[in-house]
Structure formats: C-alpha cells, structure tokens
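Descriptive structure summary
One letter stands for each residue in the lines below.
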Amino acid sequence: LVLALKLAQLELLKQRYDEAPVLLLDDVLAELDVHRQHQLLASLGQNIQTIITTTHLSSFDPQWLEGSLIFNVKSGNIYSQADNITEELTPTSSG
C-alpha cells in the first residue's frame, strides 16, 4: 500500500511541476516476489530517475541491470561497477 501511494505521489509531482522527481527506493525488491518486482520496474520505465539500494544485486533480473549504473559501498568507500571493472570513486573536497 505504501509503495502504491509513493508511485501515485510521484505521478502527481510529475504532473504538477512538469518534471519527474528522483525516486529513492531502499531495498524495496526484498519485500516483493519476482512478479511484483517486474511490475514495479516496468511501471517506472525509462522516464523516472530511480536510485535503488539493495544488499542482493542478484535479486534483479539481468535485463534491468543492463541499462543501470551500479555502485558498491564497502567500508565507507563507493566503487563504480562497469563492465566487470571496479574502480574506487574518490570524494572531491571543496574549498
């Protein structure tokens, strides 16, 4: 129910401001069966910038991972995962 309300809120904000907000989903796929995972990801489509956290990347269908940017966090460091190559992202300091 909460997820349905979030998706409705997302659509309302998109209509009101004529721009889609960024959607943050914290480990939401762990709560859904495979069928509902596919329904959720299909409903988001390509028009909504979405950040999804997960502890189990294997729970995603490979077709959904194909067009995604994947980052790993390990011991407080953020790593970019691209083409099976992992490189550490160094935080920039301002000042």
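Residues numbered from 1 in each chain as written. Predicted model: local features only at pLDDT ≥ 70, side-chain atom pairs only at ≥ 80, totals over all residues. Heavy atoms only, no water.

All of the buried residues in helix H2 (residues 34–44) are Gln37, Leu40, Leu41 and Leu44. Along the long axis of H2, the arc covered by the buried residues comes to 90°, so they all point the same way. Where H2 begins, the capping side chain belongs to Asp33, and its oxygen is found 3.1 Å from the backbone nitrogen of His35. Positive backbone phi, at 60°, marks Gly45, one or two positions downstream of H2. (Buried < 20%, exposed > 50% of the residue type's maximum accessible area, 1.4 Å probe, protein only. Helix = DSSP H or I, 4+ residues; strand = E, 2+ residues; numbered from the N terminus. Arc of directions from axis to C-beta. Polar contact = N/O pair within 3.5 Å; in protein donor to acceptor, adjacent residues only side chain to side chain.)

A separate point is the environment of Ala30. With respect to the secondary-structure elements, Ala30 resides in the loop between strand S1 (23–26) and H2. Taking the C-alpha atoms as reference points, Ala30 and Ser59, 29 residues apart in sequence, are found 7.8 Å from one another.

Take unusual backbone geometry next. With a phi angle near 55°, Asp18 is a residue other than glycine that sits in the positive phi range. For Asp18, the location among the structural elements is in the loop between helix H1 (2–17) and S1. A positive phi angle is found at Ser75, which is not glycine, with a value near 50°. On the secondary structure map, Ser75 appears in the loop between strand S3 (70–74) and strand S4 (77–82).

With that out of the way, let us pick up the pattern of salt bridges. Considering all chains together, one arrives at two salt bridges under this definition. Where Lys14 meets Glu11, a salt bridge forms, and the shortest distance between an N and an O atom there is 3.8 Å. Placement of both Lys14 and Glu11 in helix H1 is noted, with a separation of three residues, approximately one turn of the helix. Look at Lys14 and you get partly exposed, because its relative accessible area is 27%. (Salt bridge = Lys/Arg side-chain N within 4 Å of Asp/Glu carboxyl O.)

Bringing H1 into the picture now. A rise of 1.5 Å per residue sets the reference length of H1, with its 16 residues, at 22 Å; its end C-alpha atoms lie 22 Å apart and thus fit the reference within 8%. Among the residues trailing H1, Asp18 stands out with phi positive, at a value near 55°. (Expected span 1.5 Å × (residues − 1).)

Let's shift gears to the nonpolar core. Residues Leu10, Leu23, Leu25, Val28, Leu29, Leu40, Leu41, Leu44, Ile48 and Phe60 constitute the largest nonpolar core, which totals 10 residues. If one sorts the elements of this core by residue count, H2 sits on top with three residues. Setting aside anything within four residues of it in sequence, one finds Leu23 in contact with Leu7, Leu10, Leu44, Ile48, Gln49, Thr50 and Ile51. (Core = buried A, V, L, I, M, F, W, Y, C linked by side-chain atoms within 4.5 Å. Contact = heavy atoms within 4.5 Å.)

Bringing the pairing of S4 into the picture now. Across a regular strand the side chains alternate sides, sitting on one face of the sheet and then on the other. Of the strand pairs in this sheet, S3 and S4 are connected by five bridges, and their pairing is antiparallel. Across the sheet, the residue bridging to Asn72 is Tyr79, located in S4. Between S3 and the antiparallel strand that follows it, S4, lie two residues; Ser75 among them carries a positive phi value of about 50°. (Pairing = 2+ DSSP bridges.)

That is the geometry; function is a separate question.
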